[in-house]
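# Report on the structure
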Amino acid sequence: MSASALENAVSNGVEKKEKIGSGTELPEYYIEDKEKEDLEKNEKKKQKNKKKDDDVWGINYDEDDDQYESWNELSTKNKVKTATINTIKICLALCCLYLFICSISMLGDAFQILAGKSAGAIFANDSFLSNPITGFIIGILVTVLVQSSSTSTSIIITMVAAKILSVQQAIYIIMGANIGTSVTNTIVALSQSMDKEQFRKAFAGATVHDIFNYLSVLILLPLEVVSGYLYALTKAIIEAFHIQGGGEEVDILKAITEPLTKGIAQVNKTVITLVAQNVYLEPESSMIKIWCEQTTGFINRTELVNGTAEPSTDMTTGDTLMQYNDTHLVEVKVGVRKCKSPDDFLFANTGLSDVEAGVILLFFSLILLSSCLILMVKLLNSLLRGSVSRIIKKVINTNFRYPFGWVTGYLAIIVGAGLTFVVQSSSVFTSTMTPLVGIGVISLKRMYPLTLGSNIGTTTTSILAALAGENLELTLQLALVHLFFNVSGIVIWYPIPFMRHIPLRAAKTLGNTTAKYRWFAVLYLISLFFIFPAALLGLSIADFWALMSVIIVVVVTVAFIIVVNVMRTRRPQWLPEVLRTWLWLPVWLRSLEPYDKVMSRYLLCCCRNVANTDNLSDTELTSEHSSSDGALSDGHDNLGYVDEVTATKL
């Protein structure tokens, strides 16, 4: 190109830029070029983020493979040494696993001692339970307080058997209990917060359970209110099959853990049930077991009941109903020998109040849980190296060959259900899997179906308990409601690939956010399981329509943000200019940075934002998944964008 032609091109470019800057309308060919370049940039950015996302969330099968010699390359002496060391490590890991499971059981005992009576008192209020949303919230709060869906479900089954609750009322409480049980593995994930990458994966592996349960409730609770399909379906099954009771509740896990946990504290769960049934308790009654030996006795109990003054009178005459005292014999348990410490168990009749004993047991169980988890993770990291690590990871995470790859996920659901049935606790199963996700042994994609199977496996306990109880038709119907609720959730959120990815993407977003802002994990835990349910409960007590208004506003706002973010990623040209970026919002509404500054100033170092050297990769990852920080990445100022294109053309 000649010097004069180059000079003319530059001058034309400058004039074009000045016209663009002054607001002159752009020609059509120029707008088309801009849109094409915009789409190409977005596509490249999506591919880049997808590659980084796969690197973070994928399983590294060849990690540290070159640093270790294969078994055949070792000398005889080194083989014996390696085998001995690995055997010791395996034994220590199994001991840590046993103590870890026991600590989860003791954590539940501590919460029951602290809040068992309060949980029972919540169940005793019939006015709360008549509202579906209130019943759902109570199910969450009670299960979180007692740290056991099995305990809360058994209380509900007992109240249904005693006809204090109807099956329709209990359905919504069961939905809440299903959510409350996932708090345990979320607490367990906090133990891996010292390592950023482990915490990212562990927290995502724990919260995928929360997200699935909440999404299932979001669809099935309104559907049940409108149609009552769970009640109708289970009622039809009960009427079609004449099932006989008389079985015994099976509890395999307790046979293993009770020798240790029973020697520390024993909880009198009958107190919760009695409080829920509005039965008067003596002031000195305690959640900790007082009597180790009891016998059966009978007492005269006088109750004020509604009836007629003359029961033999013909009811068709319209006699006025009146109250009268009815005295009858009641079977009770009478204490023979009080429990002694430490002969029977450590906290037996020590003189400590329930609050004092509960706080001590809570701190002890949390320290034991964290210590065992940290040690177990370190042992597994040292064991799962080289070829052993590669083989285990491939066995767990590899899909079947085409065309049977789709079967792998459903097989994982069956495995999760079977293992949960064996340990008789979804909390124990998911809490054991969470650290394995953190260290990279199990992928998040595989953890998801295992969690779904765990939801099904935990319902078998309530079915067996119902078969062993009274009023079989009512209790078994409620147990089947629990089963079909979880099955319905799986049918909605797993078979269709698009629906399957929604909980996974949400869990990845939470994992990326907590890796960058450690304090967010604690805020999430407190908000989702305490503040949010308590706020909804307060609104429901104040006014039902106030509650519905808040719920509708929150749902519409969240749906709007999700739709806009998806369109910004996939079809930004369909959005108006103002919605292509969130920069028009105040910074505290679109980013966690202002809150991080406050948290970094007043909280411990472990909760602070990660170092600036790590921020680049985290920001790129979070921008794809997070609505708060990711909103900043795609917004372009029109003038700046056109200048960039013009400079490129020149």
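For the structure itself, look to the data block above.
To keep things clear, this report deals only with the structure shown in the data block. The model shown is predicted, which means the values in this text are computed figures rather than measured ones.

## Let's talk about the overall build of the protein chain
Scanning the protein chain from N- to C-terminus turns up 26 helices and two strands. Residue burial in the protein chain is summarised as follows: out of 650 residues, 43% are buried. Once local pairs closer than 6 in sequence are excluded, the contacts in the protein chain between residues at least 24 apart make up 78%. When the accessible surface of the protein chain is summed, it comes to about 33900 Å², and 63% of that surface belongs to carbon and sulfur atoms.

## Quick word on the pattern of salt bridges
Scanning all chains against the criterion turns up four salt bridges. Between Asp344 and Arg337 there is a salt bridge, and its shortest N-O distance comes to 3.2 Å. With relative accessibility at 30%, the residue Arg337 sits in the partly exposed group. The shortest N-O distance in the salt bridge between Glu593 and Lys516 comes to 3.9 Å. Here Glu593, found in helix H24 (residues 593-602), pairs with Lys516, found in helix H20 (residues 497-516); they are 77 residues apart in sequence, far enough to count as distant.

## A few points about the state of the cysteines
One pass over the full model with this rule turns up one disulfide. For Cys292, the disulfide goes to Cys339, at an S-S distance of 1.9 Å. Here the S-S torsion is close to 115 degrees, and the disulfide linking Cys292 with Cys339 is therefore right-handed. Of this pair, Cys292 sits in strand S1 (residues 291-307) while Cys339 sits in the loop between strand S2 (322-338) and helix H13 (354-383); the two residues are 47 residues apart in sequence, bridging distant segments of the chain. The cysteine Cys91 is free of any disulfide, with Cys95 supplying the nearest cysteine sulfur at 6.8 Å. Residue classification places Cys95 among the partly exposed positions, given a relative accessible area of 46%.

## Here's the deal with the nonpolar core
If you look at the biggest cluster of nonpolar residues, it comprises 118 residues, and the most contacted ones within it are Phe100, Phe136, Ile156, Met175, Leu361, Ile442 and Tyr448. Sort the elements by how many residues they give to this core and helix H9 (residues 196-227) lands first, with 13 residues. Non-local contacts of Phe136, meaning those with residues more than four positions away in its chain, are made with Tyr172, Ile173, Met175, Gly176, Ile179, Val217 and Leu221. If you look at the next biggest cluster of nonpolar residues, it comprises eight residues, including Ile463, Ala466, Leu472 and Leu480.

## Considering helix H21 (residues 519-542)
The terminal C-alpha atoms of H21 lie 32 Å apart, and with 24 residues this matches the ideal 34 Å at 1.5 Å per residue to within 8%. Its axis deflected by about 50 degrees at Ser527, H21 carries its strongest bend there. Within H21, burial applies to Trp519, Phe520, Ala521, Tyr524, Leu525, Leu528, Phe529, Pro533, Leu536, Leu537 and Ser540.

## Notes on the packing of aromatic side chains
Working definition: an aromatic ring pair is given by the centre-to-centre distance plus the angle between the planes. Evaluated as defined, the whole model comprises nine aromatic pairs. Judged by centre distance (6.4 Å) and plane angle (70 degrees), the rings of Phe212 and Tyr448 are edge-to-face. Note that Phe212 is positioned in helix H9 and Tyr448 in helix H17 (residues 444-457), a separation of 236 residues in sequence. Note on accessibility: Phe212 and Tyr448 belong to one class, buried. For the pair Trp519 and Phe520, a centre-to-centre distance of 6.4 Å together with 70 degrees between the ring planes defines the contact as edge-to-face. Taken as a pair, Trp519 and Phe520 share a single burial class, namely buried.

## Side note on the side chain of Thr181
Relative to the helices and strands, Thr181 resides in the loop between helix H7 (167-180) and helix H8 (183-189). Thr181 gets classed as buried once you look at its relative accessible area, which sits at 6%. For Thr181, the contacting residues outside a window of four places in its chain are Thr143, Ser149, Ser426 and Ser427.

## Overview of the environment of Gln294
With respect to the helices, strands and loops of the structure, Gln294 is situated in strand S1. Judged by relative accessible area, which is 47%, Gln294 ranks as partly exposed. The sequence separation of Gln294 and Lys338 amounts to 44 residues, and the corresponding C-alpha distance is 9.1 Å.

## Regarding a nonpolar patch on the surface
Judged by side-chain polarity, Phe400, Phe404, Trp406, Leu411, Ile414, Val415 and Leu419 come together as a nonpolar surface patch covering roughly 730 Å² of accessible area. With respect to the helices and strands, the residue Val415 is situated in helix H15 (residues 407-423).

## Considering the environment of Ile360
Among the structural elements, Ile360 can be located in helix H13. Counting along the chain gives 250 residues from Ile360 to Ala110, while the straight-line C-alpha distance between them is 8.2 Å. Residue contacts for Ile360: discarding those within four places in its chain leaves Phe347 and Leu352.

Reading the values: rules and limits
- All chains use their own residue numbering, which begins from 1 and follows the written sequence.
- Since the coordinates come from a predicted model, pLDDT governs what is reported: local features require at least 70, and pairs of side-chain atoms require 80 or more to be given and counted, while whole-chain, interface and lining totals use all residues.
- Side-chain metrics rest on all non-hydrogen atoms present in the structure, leaving aside hydrogens and water.
- Helix and strand assignments follow DSSP, with helices taken as H or I runs no shorter than four residues and strands as E runs no shorter than two, numbered in order from the N terminus.
- We call a residue buried when its accessible area falls under 20% of the maximum for its residue type, exposed when it is over 50%, and partly exposed in between, using a 1.4 Å probe and counting protein chains only.
- Contacts between residues were defined by any pair of non-hydrogen atoms, one from each residue, lying within 4.5 Å.
- Only the protein chains shown count as cover for residues, and the accessible areas themselves come from Shrake-Rupley with a 1.4 Å probe.
- Here, a salt bridge means any side-chain nitrogen of Lys or Arg that lies within 4 Å of a carboxyl oxygen of Asp or Glu.
- For the purposes of this analysis, a disulfide is any pair of cysteine sulfur atoms at a distance within 2.5 Å.
- Take the buried residues of types Ala, Val, Leu, Ile, Met, Phe, Trp, Tyr and Cys, join any two whose side-chain atoms come within 4.5 Å, and each joined set is a nonpolar core.
- One less than the residue count of a helix, multiplied by 1.5 Å, gives the span that helix is expected to have.
- A residue's bend is given by the angle between axes fitted to the 7 residues ending at it and the 7 residues starting at it.
- Pairing of aromatic rings covers Phe, Tyr and Trp, the last counted by its six-membered ring, and requires centre-to-centre distances within 6.5 Å; plane angles under 30 degrees mean stacked, over 60 mean edge-to-face, and any other angle means tilted.
- Only residues whose relative accessible area exceeds 30% and that take part in no salt bridge are eligible for patches, with like-charged residues grouped when within 9 Å of each other and nonpolar side chains (Val, Leu, Ile, Met, Phe, Trp, Tyr) grouped when within 5 Å.

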